[in-house]
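Topology and contacts: notes
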Amino acid sequence: MLAYIIKRILYAIPILIGVNLITFMLFFMVNSPDDMARAQLGAKQVTPELIQSWKEERGYDKPLFINSKEEGLSKVTHTLFVQESLKLFSFDFGFSDSNRDIGADIKVRMIPSLSIALPTFIIALITNISLALLLVLFRGSLLDTSMMVVAVMIMSISGLFYIIAGQVLFSKIWHWVPISGYESGWDGVKFILLPIFIGVFAGIGSGVRWYRSIFLEQINQDYVRTARAKGLSEIKVLFGHVLRNGMLPILTGVVVIIPSLFMGSLIMESFFGIPGLGSYTIDAINSQDFAIVKAMVFLGSVLYIVGLILTDISYTLFDPRVKL
Amino acid sequence: MQIGMLKIYILMMICISLHADVWNNPHSKEQSASNTLFTSFSLPPKRLDPVISYNVNEWAFISQIYEPPLQYNYIQRPYRLEPLTLTHMPTIRYLNKAHQEVEENDEEVAFSEYRLTLRDDVMYQDHPAFVKDVKGDLLYGALSEEALGKIDTLNDFEKQGTRHLKAEDYAYAIKRMGVRANHSPILDSMQTYIVGLKAYTDRLNTIAKEKKKKGERLDLRNYDIEGVKVIDEKTLLIEIKGKYPQFLYWLSMNFFAPIPWEADLFYQQKGLVTKNLTLNWFPVGTGAYYLAENNPNKQMRLLKNPHFHEERYPASDSEDAGKKLPFIDEVIYSLEKESIPLWNKFLQGYYDASGISSEAFDQAVQISSSGSMGLSKEMQQKDISLMGSVQPSIFYLAFNMVDPIVGGYSDEAKKLRQAISIAINEEEYISIFMNERGIAAQDVIPPGIFGHEEGEEGTNKVVYDWIDGKRVRKSLAVAKKLLAEAGYPNGISKKTGKPLKLYYDTTATGPDDRALMDWYRKQFDALGIQLVIRATDYNRFQDKVRKGKAQLFSWGWNADYPDPENFLFLLYGANASVDTNGAGINSSNYKNPLFDTLFEKMKTMKNSPERMEIIRQMIQISREDAPWVWGVHPKSLALSHAWYRNVVPNAMANNTLKYKRIDAPLRVKKQQEWNQPVIKPLYFIGLFILLLIFALRYIYRNRQNRVILQEEREC
């Protein structure tokens, strides 16, 4: 397995270089370093000297990919792309354009993101699987049909609607929870209840439908018939046999998400005033802060690759037939 | 089991019903009851370094912390400067080239010398940078790796200290401004005024780079600026080239706030920089408040500076007249990016004041048939106050004066621009797109600034007629006549026989902007002119304007200081964008030699009837030339709760927090009244879940029994 993991890590390097290259190209296609300097320095009194000094300070005065002023290998190495990429690969994210240490900011902002994303993920997983099993238990009944219709309806409505409707209903009309905000520790529980509920509710439609289809595939298998023949109740059959055998396809979709939970939710964090990594990325895009954008894209790619590796590893744990 | 669940349900509902407190309060109970102001910010500040920051959002914080030498009187109008950390207003001596004193109006004036005398009761907030050891060296001036390991915030330092404000602190601030690597936005303009600043910058450029390379700290006490002299601990001289009366206004801005050298050297320590502990993020000032918590992504918290100097509430007719400032102990700014949560929290009483977003406008404000604004019934019931004031700003539609069609100074070109100025109905624009939050501009100078005139004198006779004591926009017929005289009868070019097509560059590309663009098209269409909208992103738009490649575009300006020079220079030829590599602020590239001559004369004058006369002439010239469709001076509206006192609109002052007052008991009472939780839905939801569980259980059992009975029958 170790050899497999090393191989996957080595595969990841060209992927990350590629992702980084595309990020650089896309970003600098729409923003020149001069534009970035203007965005950071404000609209008033921005002179060419000021722009030049800002670029020099941050290394944006260097050419992007080829430095024609240099000789030999330096033509490539003395460029913005290579110098910034090298730093990224050593996980040195450097400083944002507003002079904040990005690494320190990521560490701080990861916790609020996780405080929403992790409970949402766990509760949603449990709720969706339980509801899917319930529907499988009552398959073909009026409950099953009507729940499927409701699931499609939930899926069809934009997540933004749930956020606004949730804020209006639970905070404005019923006064149950604060409409937005964040606190760390126990004082913060009241703030995360609504985003978690909305996160879980918005995902119920797709989650339940997906898990239901997985369990329905299992329900007619021979081992299920055998279990019923042994006289097990339907609940024991579902939880003891169907659920366990349905875990493999569930794992494929679930484990890959786990590392990405660190990255937070872009819209949710913005609407609920949660100082996480999702809003960090959005703010950086809006303020043309390339240093943060490239760090977050890089981190996102790394976490996605980690997620894929974890998925492969988890297969071996749940299915002894799979060998890496 | 059913009985057990039922019991739990009943018990839970009883507990919930007995809980009397509000549930949706984002603040703690203690905070709500304390002398704390709750407010919000929509954009995380990027920098809190006074020498760099040039942004209203950032000034909202740092203006409470730092104290430049002067400030605007909170109450008096027109805006008036007064000493803040000085004993009196700066005294000015005028000098000739040989540095001999001359009269103010002497033609030989080559330099102006500003003498600043500091008060002796101004002290800094407590800060570790000021702590000294027994030898008199800075205790935390050279932190070891081990010491740095234990430090994550400024609160981790065991000791804090303070000291009196000195003249050298102001000199140090100007020296920091002079270091190019600090990116002060006003450095280039100040270099043209402060004697020796340019030479200092050139010298320091190399030194700063070398120091940075070597990882050494840059102690600016070792380098002097020729025109900035510290006479003694409390006296500072600043020498200005020529006469520049507006320099006093600059002295009220944060760029000239004092920086103690101890703080600068303290924050230059590498180990602190990597922990985001920098002067850019943790200000050290003498103001009424200090920054106790800096989390720009969530919350900024200011606390009362215990060392704040003597200052009293300035209004004589207020119950707080003569009382010591500041009134509020703590200020909590929370990040609110979205308008819906912000607005609802204000209505719930959890924010003490709020602006009015366009979504909330109809809920908050009602406009009478006569056009006057008032609060809606809902707001009146909550005892909310509405404050409105016209901002010292202008949003205009500019003609690019170097454009071959709309630009130029021929009679035809002028008439074309005048015709368009008449056709674009600003009153309609304000009504449709601004909810009446603005007034149609007659020229470049907004109300409240010297040079602005009301009534017939202040009416732009190119666009309006003065009839029965009212401004009436000229008819379309007049505009069409002007257009015909310009060579475009009914919008058709006499020369080419083709319809006139103009291009409007804009960043308004969203679906919400479609109505506005359609409206613009309609205004031009009324003259038979085809308007082509060229939607573009902001970077490209700015680039086009800077290079003079846009034909028509909308732009705006907010006053730096309340002087007509700060608006008229938007039309000064030497500031033309195309001639200054994009650095000039005259984005329409307007150049009229007579206007420029008058501007140069007016610029250095004090407000007087003579200055007023020159301004009148300049305004008349610009109205005739019509380089802009003069556009709109926006009105700002703000709402505040009954417990938030001493709220006076002041568009120039930023350090106004110290004057405000909170009635916390009233706030708590109202919060309780407005936010009692609605419990009924909880009963129903609980009951529904309970019934669902029972029903499913019943159905499942029945099913199982049916299967067993069926199997038994089959057996």
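What follows concerns the overall build of chain A. Looking only at helices and strands, chain A features 14 helices and zero strands. In sequence order, chain A lays out its α and β elements as α-α-α-α-α-α-α-α-α-α-α-α-α-α. Principal axes of the C-alpha set define a box for chain A whose edges measure 80 × 55 × 35 Å. Here chain A holds 324 residues, and the buried ones make up 35% of them.

All names here are of chain A. As for its position among the elements, S206 is in helix 9 (residues 189-219). When the 14 C-beta atoms within 10 Å are taken as the criterion, S206 is described as partly exposed. In sequence terms S206 and S156 are 50 residues apart; their C-alpha atoms lie 9.6 Å from each other.

Okay, the domain arrangement of chain A next. Residues and elements named next belong to chain A. Here chain A is described as being made up of domain 1 (2-89) and domain 2 (106-318). Contact with domain 1, which involves 15 residues of that partner, is made by twelve residues of domain 2. Among the secondary structure elements, those contributing two or more residues to the side of domain 1 that touches domain 2 are helix 1 (2-30), helix 2 (33-41) and helix 5 (80-89). Split by residue class, the side of domain 1 that touches domain 2 holds nine nonpolar, three polar and three charged.

With that settled, the discussion passes to the pairing of strand 9 (residues 289-295) of chain B. Residue and element names in this part refer to chain B. In the sheet, strand 9 pairs with strand 10 (residues 299-304) via six bridges, with the strands oriented antiparallel. When the bridges of strand 10 are listed, N295 appears paired with Q299. Linking two consecutive strands that pair antiparallel, namely strand 9 and strand 10, is a turn of three residues.

So, about the domain arrangement of chain B. Each assigned domain of chain B is listed with its residue range as follows: domain 1 (2-23 + 677-714), domain 2 (28-52 + 286-383 + 641-675), domain 3 (53-266) and domain 4 (393-636). The gap between the C-alpha centroids of domain 1 of chain B and domain 2 of chain B is 46 Å.

Residue and element names in this part refer to chain B. Here we have five strands laid out as an open sheet, ordered 5-4-6-8-7, and antiparallel in their pairing. With partners counted over all chains shown, the strands left at the sheet margins are strand 5 (101-102) and strand 7 (228-232), one partner each. Sheet analysis places strand 6 (residues 111-117) next to strand 8 (residues 235-241), joined by seven bridges and oriented antiparallel. Bridge pairing links F111 to K241 in strand 8. On the sheet, helix 5 (residues 167-178) packs against strand 6, strand 7 and strand 8 and is oriented at approximately 170° with respect to strand 7.

Let us now look at the nonpolar core. Residues and elements named next belong to chain B. Judged by nonpolar contacts, the single largest core of 85 residues is most densely connected at Y170, A173, I174, I194 and F256. Composition of this core by domain shows at least three residues from each of domain 2 (28-52 + 286-383 + 641-675) and domain 3 (53-266). Once residues lying within four places of it in the same chain are set aside, the contact partners of I174 are I194, I225 and V228. Of all hydrophobic cores here, the second largest spans 60 residues; its members include L397, L527, W557 and W630.

Following B:R77, the chain continues to B:P78 via a peptide bond in cis, the omega torsion being -5°. With respect to the secondary-structure elements, B:P78 resides in the loop between strand 2 (70-72) and strand 3 (81-83). Phi is positive for A:Q288, which is not a glycine, with a value near 55°. Among the structural elements, A:Q288 can be located in the loop between helix 13 (277-286) and helix 14 (290-318). Even without being a glycine, B:H183 presents a positive backbone phi close to 55°. Along the chain, B:H183 turns up in the loop between helix 5 and helix 6 (187-191). The exposure class assigned to B:H183 is buried, which follows from the 22 C-beta atoms found within 10 Å.

The next point concerns the packing of helix 8 (residues 159-173) of chain A against helix 9 of chain A. Residues and elements named next belong to chain A. Viewed as axis vectors pointing N to C, helix 8 and helix 9 meet at an angle of 135°, and their least axial separation amounts to 10 Å. Classified by the angle their axes make, helix 8 and helix 9 are oblique. Between helix 8 and helix 9 the crossing geometry is right-handed. Side by side, helix 8 and helix 9 meet where G159, Y162, I163, G166, F170 and S171 of the first sit next to L194, F197, I198, F201 and A202 of the second.

As a further point, take the interface of chain A and chain B. Contacts between the two partners involve 45 residues from chain A and, on the opposite side, 47 residues from chain B. Looking at the side of chain A that touches chain B, the element that brings in the most residues is helix 3 (residues 48-58) of chain A, giving six residues.

Moving on, we get to the sheet that holds strand 1 (residues 36-41) of chain B. Residue and element names in this part refer to chain B. Sheet architecture is open: four strands sit in the order 1-11-10-9, paired in mixed fashion. Of all strands in the sheet, those bounded by a partner on one side alone are strand 1 and strand 9. Sheet twist, expressed as the mean angle between neighbouring strand axes with direction ignored, is 20°. The pairing of strand 10 with strand 11 (residues 330-335) spans five bridges and is classified as antiparallel. If you follow M300 over to strand 11, its bridge partner there is Y333. In this fold helix 3 (residues 56-65) packs onto strand 1, strand 9 and strand 10, with an angle of close to 140° to the strand it touches most, strand 9.

Judged from the five bridges that link them, strand 4 (residues 91-95) of chain B and strand 6 of chain B form a sheet pairing that is antiparallel. Counted as the bridge partner of B:Y94 is B:S112 from strand 6 of chain B.

We now examine the packing of helix 6 (residues 102-137) of chain A against helix 11 (residues 234-255) of chain A. Residue and element names in this part refer to chain A. Direction vectors running N to C along helix 6 and helix 11 enclose 130°, while the axes themselves pass 11 Å from each other. Put simply, helix 6 runs oblique to helix 11. Crossing handedness for the pair helix 6 and helix 11: right-handed. Of the residues in helix 11, those in contact with L125, L133, V136 and L137 of helix 6 are E234, L238, L243 and V254. Considering only residue class, the contact of helix 6 with helix 11 consists of seven nonpolar, no polar and one charged.

What counts, and where the lines are drawn
- Residues numbered from 1 in each chain as written.
- Chains lettered and ligands numbered in written order.
- Predicted model: local features only at pLDDT ≥ 70, side-chain atom pairs only at ≥ 80, totals over all residues.
- Helix = DSSP H or I, 4+ residues; strand = E, 2+ residues; numbered from the N terminus.
- Buried ≥ 20, exposed ≤ 12 C-beta atoms within 10 Å, placed from the backbone.
- Domains from an automatic or database assignment.
- Contact = placed C-beta atoms within 7 Å.
- Nonpolar A, V, L, I, M, F, W, Y, C, P; charged D, E, K, R; others polar.
- Pairing = 2+ DSSP bridges.
- Axes fitted to C-alpha atoms, helices over the stretch in contact; angles between N-to-C directions.
- Core = buried A, V, L, I, M, F, W, Y, C linked by C-beta atoms within 7 Å.
- Parallel < 35°, antiparallel > 145°, perpendicular 65-115°, else oblique.
- Left-handed = near helix turned anticlockwise from the far one by under 90°.

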